[in-house]
Amino acid sequence: MNRREWLKSMSALAVGAIAGPSLLAVFDAHAASLKPETKPQFFTPAQYSLVGAVSDIVIPRTDTPGAVDAGVPLFVDQMFKAVYTKADQKRYLAAMAAFDKAGGKPFLQLDEAERKALVTRLHAEALAAPRGGQLTPAADFVLMSKKLAMLGFFLSEPGCTQVLQYDPVPGAWKADIPLADAGNGRAWAVETELKI
């Protein structure tokens, strides 16, 4: 191992040490949301319904399952219970409260077209904001909810197997083939240098 390889290894180790626990917490939240006995533990029933309604607008059911079918609201609940800091939890709940008032009456009392129009308008507002700029809390809620809905959906089985391309066993095993059919016609080589 030379100096460059050692530095790469140490950098990867440092990134892994920092990102590993967060990534594991995301996977834990996803796994917890899949258990049939899991109930919302962070959101109140009204907040949970609101998250579900927004997730359904972000990823609606089409010829494939939508966000609600994939269990995204429960995933979001588990993320806030187990992964996010108290400050992030507080920010999301404050943004949710602002969002709930942004339509003139509680979001769940709006009809379907009004809900979709509000989410679309606030999403456009969030995207139009300058990078690093301050969003309104309602637009911030839509953007955070969208990111969480997409993360939860594409971690779910329906998202992975019915929306993304899915090949459970990539690279089929072909036992006895001519060398010319394997890659570029060359045999594989491995590094065999051993230093002690």
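Above: the structure in question.
Conventions and cut-offs
Residues numbered from 1 in each chain as written. Predicted model: local features only at pLDDT ≥ 70, side-chain atom pairs only at ≥ 80, totals over all residues. Heavy atoms only, no water. Helix = DSSP H or I, 4+ residues; strand = E, 2+ residues; numbered from the N terminus. Contact = heavy atoms within 4.5 Å. Areas by Shrake-Rupley, 256 points an atom, 1.4 Å probe, with all protein chains shown as cover. Phe/Tyr/Trp six-rings, centres within 6.5 Å; stacked < 30°, edge-to-face > 60°. Buried < 20%, exposed > 50% of the residue type's maximum accessible area, 1.4 Å probe, protein only. Lys NZ or Arg CZ within 6 Å of the ring centre and 35° of its normal. Salt bridge = Lys/Arg side-chain N within 4 Å of Asp/Glu carboxyl O. Polar contact = N/O pair within 3.5 Å; in protein donor to acceptor, adjacent residues only side chain to side chain. Core = buried A, V, L, I, M, F, W, Y, C linked by side-chain atoms within 4.5 Å.

Participant: Just checking my understanding: could you explain the overall build of the protein for this structure?
Facilitator: Within the protein, the secondary structure is distributed over 7 helices and 0 strands. Helices and strands appear in the protein in the N-to-C order α-α-α-α-α-α-α. By sequence separation, contacts in the protein at least 24 residues apart represent 63% of the contacts at least 6 residues apart. Per element, the accessible surface of the protein, about 13500 Å² overall, is 59% carbon and sulfur.

Participant: What exactly am I supposed to notice about the packing of aromatic side chains here?
Facilitator: Aromatic rings in a pair are described by how distant their centres are and how their planes are angled relative to each other. Within this structure, the stated rule accounts for 10 aromatic pairs. Ring centres 5.1 Å apart and planes at 80° place the aromatic pair F153 and F154 in the edge-to-face group. Look at F153 and you get buried, because its relative accessible area is 2%. Relative accessible area serves as the criterion here: at 30%, F154 is assigned to the partly exposed category. Through a chain of ring-to-ring contacts, the aromatic side chains of F42, F43, F80, Y84, Y92, F99, F107 and F141 assemble into a single cluster. Stacked on the ring of F107, the Lys or Arg R115 has its end atom at 5.5 Å from the ring centre.

Participant: I'm lost on the pattern of salt bridges in this one. Help?
Facilitator: Proximity of charged atoms lets side chains of opposite charge pair with each other. Following the criterion strictly, the structure yields 2 salt bridges and no others. R61 serves as the salt-bridge partner of D69, at 2.4 Å between the closest nitrogen and oxygen. Assessed through its relative accessible area of 36%, D69 is described here as partly exposed. Between D140 and R91 there is a salt bridge, with the nearest N and O atoms lying 3.0 Å from each other. Here the residue D140 occupies a position in helix α6 (residues 137-155), and R91 occupies one in helix α4 (residues 86-102), the gap between them amounting to 49 residues. R91 sits in the partly exposed class, given a relative accessible area of 40%.

Participant: Even after reading the chapter, I still don't get the environment of S55, so can you show me in this structure?
Facilitator: Looking at the element boundaries, S55 is found in helix α2 (residues 45-58). Judged by its relative accessible area of 3%, S55 falls in the buried class. Along the sequence, S55 and V76 sit 21 residues apart, while their C-alpha atoms lie 9.6 Å from each other. Side-chain polar atoms of S55 contact the backbone oxygen of V51, separated by 2.8 Å.

Participant: Even after reading the chapter, I still don't get the nonpolar core, so can you show me in this structure?
Facilitator: Buried together is how nonpolar side chains tend to be arranged in soluble globular proteins. Judged by nonpolar contacts, the single largest core of 35 residues is most densely connected at V76, Y92, F99, F107 and F141. Those elements giving two or more residues to this core turn out to be α1 (3-34), α2, α3 (72-82), α4, α5 (112-128) and α6. It is α6 that contributes the most residues to this core, 9 residues altogether. Contact partners of F107, with chain neighbours within four places excluded, come to L50, A53, V54, I57, F99, D100, R115, L118 and V119.

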